[in-house]
Amino acid sequence: MMKVCIASDHRGYHIKARLAQALAQNGFEVSDEGTDSDEPVDYPDYAKIVAGKVSRHEAERGILICGTGIGTCIVANKFPGVRAASCYDEVLVEISRRHNNVNVLCLPGDLIGDRQIDDLVLKWLATDFDGGRHENRLKKIVDIENSPNLADA
Ligand SMILES: O=C[C@H](O)[C@H](O)[C@H](O)COP(=O)(O)O
């Protein structure tokens, strides 16, 4: 059973609550990391929980929902081993997995509807990394992460 952790800010709260249930019903082991209402919160507080779990291999995949998918993506990509992408259509979702082995999906709750979100998430969860020529590129990302001085990377 794939472990998926999910969180949102206030703009993604309703989508996140519904999506967490739908994923559990589809056989995923889901941990819902909040937020727990549509009261305004700060997206870094929730993005860091999900990105931390993926970075520590406590979850295989993370899903974050804010208004645009941008702020959560900025936060998540600061965590070692996290490859986060903000995606809003089926092509981006598919390529994010096949080429970039994206492990945290950041969705724009303000811009796409419930049904589209479900389709995008299920496609993203079901799509494998192609490997091959893309492996070496991901290794280079790890090298950059591990550079003591990024300016020299
Ligand atoms: O990238 C950031 C997200 O889209 C946030 O959901 C958004 O900035 C929150 O805005 P507001 O405080 O106006 O609800």
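Quantities reported herein were computed from a predicted structural model and do not represent experimental measurements.

**Topic: the side chain of Asp9**
Alright, step 1. The topology assignment puts Asp9 in the loop between strand 1 (3–8) and helix 1 (13–25).
Alright, step 2. Of the polar contacts made by the side chain of Asp9, one reaches the backbone nitrogen of Arg11; its length is 2.9 Å.
Alright, step 3. Once you skip the residues sitting within four places of it in the chain, Asp9 turns out to touch Thr35, Val41, Tyr43, Ile65, Cys66 and Gly67.

**Observations regarding the pattern of salt bridges**
Alright, step 1. A full pass over the atoms with the stated rule returns 10 salt bridges.
Alright, step 2. One salt bridge in this structure joins Arg56 and Glu58, with 2.7 Å as the shortest N-O distance.
Alright, step 3. Salt bridges here are not isolated pairs; linked through shared partners, they connect Glu90, Glu94, Arg98, Lys123 and Asp130.

**As for the packing of aromatic side chains**
Alright, step 1. Summed over all chains, the structure comprises 0 aromatic pairs.
Alright, step 2. Looking at Arg61, its charged tip hangs above the ring of Trp124, at a distance of 4.8 Å from the centre.

**Section: the nonpolar core**
Alright, step 1. Of all hydrophobic cores here, the largest spans 22 residues; its most connected members are Leu19, Leu23, Ile63, Leu107, Val121 and Leu125.
Alright, step 2. Breaking this core down by element, the ones donating at least two residues are strand 1, helix 1, strand 3 (61–66), strand 5 (104–108) and helix 5 (114–126).
Alright, step 3. In contact with Ile63, not counting residues within four places along its chain, are Val4, Cys5, Ile6, Ala7, Leu19, Leu23, Val50, Leu105, Leu107, Val121 and Trp124.
Alright, step 4. By size, the runner-up hydrophobic cluster in this structure holds 16 residues, among which are Leu64, Cys73, Ala76 and Val82.

**As for the sheet that holds strand 2 (residues 29–32)**
Alright, step 1. With parallel pairing, 5 strands are arranged side by side in an open sheet as 2-1-3-5-4. The outermost strands of the open sheet, each flanked by one partner alone, are strand 2 and strand 4 (84–86). The mean angle between the axes of side-by-side strands here comes to 20°, regardless of whether they run parallel or antiparallel.
Alright, step 2. Alignment of strand 3 against strand 5, held across 5 bridges, turns out to be parallel.

**Brief notes about the environment of Lys123**
Alright, step 1. Of note, Lys123 is situated in helix 5.
Alright, step 2. By relative accessible area, Lys123 is classed as partly exposed at 27%.
Alright, step 3. Taking C-alpha positions, Lys123 is 19 Å from Val54, a pair spaced 69 residues apart along the chain.
Alright, step 4. When near neighbours in sequence (up to four residues on either side) are disregarded, Lys123 contacts Glu90, Val93 and Glu94.

**Observations concerning the pairing of strand 3**
Alright, step 1. Summarising burial for strand 3: 6 of the 6 residues are buried, a large majority.
Alright, step 2. A two-sided burial pattern is seen for strand 3, the buried positions comprising Arg61, Ile63 and Ile65 on one face and Gly62, Leu64 and Cys66 on the other.
Alright, step 3. Direction of pairing for strand 1 relative to strand 3: parallel, over a ladder of 5 bridges. Within the sheet, the bridge partner assigned to Cys5 lies in strand 3 and is Gly62.

Conventions we followed
Residues numbered from 1 in each chain as written. Predicted model: local features only at pLDDT ≥ 70, side-chain atom pairs only at ≥ 80, totals over all residues. Heavy atoms only, no water. Helix = DSSP H or I, 4+ residues; strand = E, 2+ residues; numbered from the N terminus. Polar contact = N/O pair within 3.5 Å; in protein donor to acceptor, adjacent residues only side chain to side chain. Contact = heavy atoms within 4.5 Å. Salt bridge = Lys/Arg side-chain N within 4 Å of Asp/Glu carboxyl O. Phe/Tyr/Trp six-rings, centres within 6.5 Å; stacked < 30°, edge-to-face > 60°. Lys NZ or Arg CZ within 6 Å of the ring centre and 35° of its normal. Core = buried A, V, L, I, M, F, W, Y, C linked by side-chain atoms within 4.5 Å. Buried < 20%, exposed > 50% of the residue type's maximum accessible area, 1.4 Å probe, protein only. Pairing = 2+ DSSP bridges. Axes fitted to C-alpha atoms, helices over the stretch in contact; angles between N-to-C directions.

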